[in-house]
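Coordinates in review
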Amino acid sequence: MSVIDEIARELAEATERLLATAARLTDEDLRAPSLLPGWTRGHVLAHVARNADSYVNLLDWARTGVRTPQYASARAREAGIEAGAGRPAREQLADLRDSAERFAAAVGRMPAEAWTAPVSGMNPPEHPAWYVPIRRLREVEVHHADLGAGYGWADWPETYVRRELYDTMLWLGDEIPVGEVVARDPGTGEVLRIWTGLGDGPAVEGTPRELLAWLAGRTDGAGLRLAAPHGHIRHDASDARIRHDTADARDRDDAAGRLPSPPPWPKPSPAGLPAEPPSSWPPAGN
């Protein structure tokens, strides 16, 4: 199984979950505020639908070689969301389903060699086309939680959390306002990974899910813990390499201070992705 097959399966499942939630929402529900400031639930669903079409544009670009912008412009993107936000629930649901089917069909039209073609969204960096379905999965999972309609970040699948935390740490690197990020097993508290040599400041510790939700700006960091950094593991953070550690640091004192705000999230993709679709993402052993 290639990463394309793996993500296609996960995306189909995530899309069905989102459609099931959307099917329960009434016209009144869609007029209610979402968890995103300034957006109703109708705005969120309209964005997810137009996002699917924008990624069809990127796949068409990769398949044909004809440069096709993700959106015509930032203004056009915003106008599309506003135009769709106030529609009745039945129209929102149909659009959400139809746009997801258009994206799935675009994936199915891609010849193997087209997945290596470089494309770019509204913001850098450029990335190979095989990463587009991962971006789409991110949009579906995160904005499903943003609806505030019974599905939240605590419901994100473990495979999604693992991949997103890996990619987030790749693209943030030394932009993070803490010195280290420590992921701990939610059951045992064992250290799973340590990212070191980041910004200045203490270490922040938590489960992978808690860390991702904080870095994605979906929580205020509840459940996370500030601690003194692991001083015995250092590396150049410019390539955001992931290091493993089995040391038990649970008895370290909490570092003084408040949890800082994370940098803006997400970036379109990590820099330096392989051109050829890997067998899995993250790579084996990560």
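Use the structure listed above.
As the structure is a computational prediction, the values presented were derived from the model and not from experiment. (Residues numbered from 1 in each chain as written. Predicted model: local features only at pLDDT ≥ 70, side-chain atom pairs only at ≥ 80, totals over all residues. Heavy atoms only, no water.)

Some details on the pairing of strand β3 (residues 180-184)
Threshold: Categorising residues by exposure relies on relative accessible area from a 1.4 Å probe, with only protein chains included: less than 20% of the type maximum marks a residue as buried, more than 50% marks it as exposed, and the intermediate range marks it as partly exposed. Here a helix means four or more residues in a row that DSSP labels H or I, a strand means two or more in a row labelled E, and each is numbered from the N terminus. Any two strands between which DSSP finds at least two bridges are classified as paired.
A large share of β3 lies buried, amounting to five of its five residues. Residues E180, V182 and R184 of β3 are buried on one face, and the alternating residues V181 and A183, pointing to the opposite face, are buried as well. One ladder, built from four bridges, connects β3 with strand β5 (residues 203-206); its direction is parallel. Note that in β5 the partner of A183 across the bridge is G206. In this structure, β3 lies alongside strand β4 (residues 191-195), joined through four bridges in antiparallel fashion. If you follow V181 over to β4, its bridge partner there is W195. Here β3 folds back onto β4, and the loop between the two strands holds six residues, one of which, G189, carries a positive phi near 80°.

Quick notes on unusual backbone geometry
The linkage connecting P124 with the following residue, P125, adopts the cis geometry, with an omega of 10°. Locating P125 in the fold gives a position in the loop between β1 (118-119) and β2 (127-128). Residues W265 and P266 are joined by a peptide bond in cis, for which omega reads -5°. Of note, P266 is situated in the segment after β6 (225-227).

Some words on the sheet that holds β5
The criterion, for reference: Axis angles are defined between N-to-C directions and span 0 to 180 degrees, where every axis is a line fitted to C-alpha atoms and, for a helix, only to the segment in contact. Only heavy atoms enter the contact rule, under which two residues are in contact if any of them lie within 4.5 Å.
Pairing is mixed across the open sheet formed by four strands, whose spatial order is β4-β3-β5-β6. One side of each edge strand has no neighbouring strand; the edge strands of this open sheet are β4 and β6. When the angles between neighbouring strand axes are averaged without regard to direction, this sheet yields 25°. On the sheet, helix α8 (residues 208-215) packs against β3, β4 and β5 and is oriented at approximately 125° with respect to β5.

Some remarks on the pattern of salt bridges
As a reminder of what qualifies: For this analysis, a salt bridge means a side-chain nitrogen from Lys or Arg found within 4 Å of a carboxyl oxygen belonging to Asp or Glu.
The final tally for this structure, using the stated rule, is 17 salt bridges. With a closest N to O distance of 2.9 Å, R50 and D53 form a salt bridge. Note that R50 and D53 are positioned in helix α3 (residues 41-64) at a spacing of three residues, about one turn of the helix. Of the charged contacts, one joins D60 and R63 as a salt bridge, the two residues approaching to 3.2 Å between their closest N and O atoms. Of this pair, D60 and R63 both sit in helix α3, three residues apart, which is roughly one turn of the helix.

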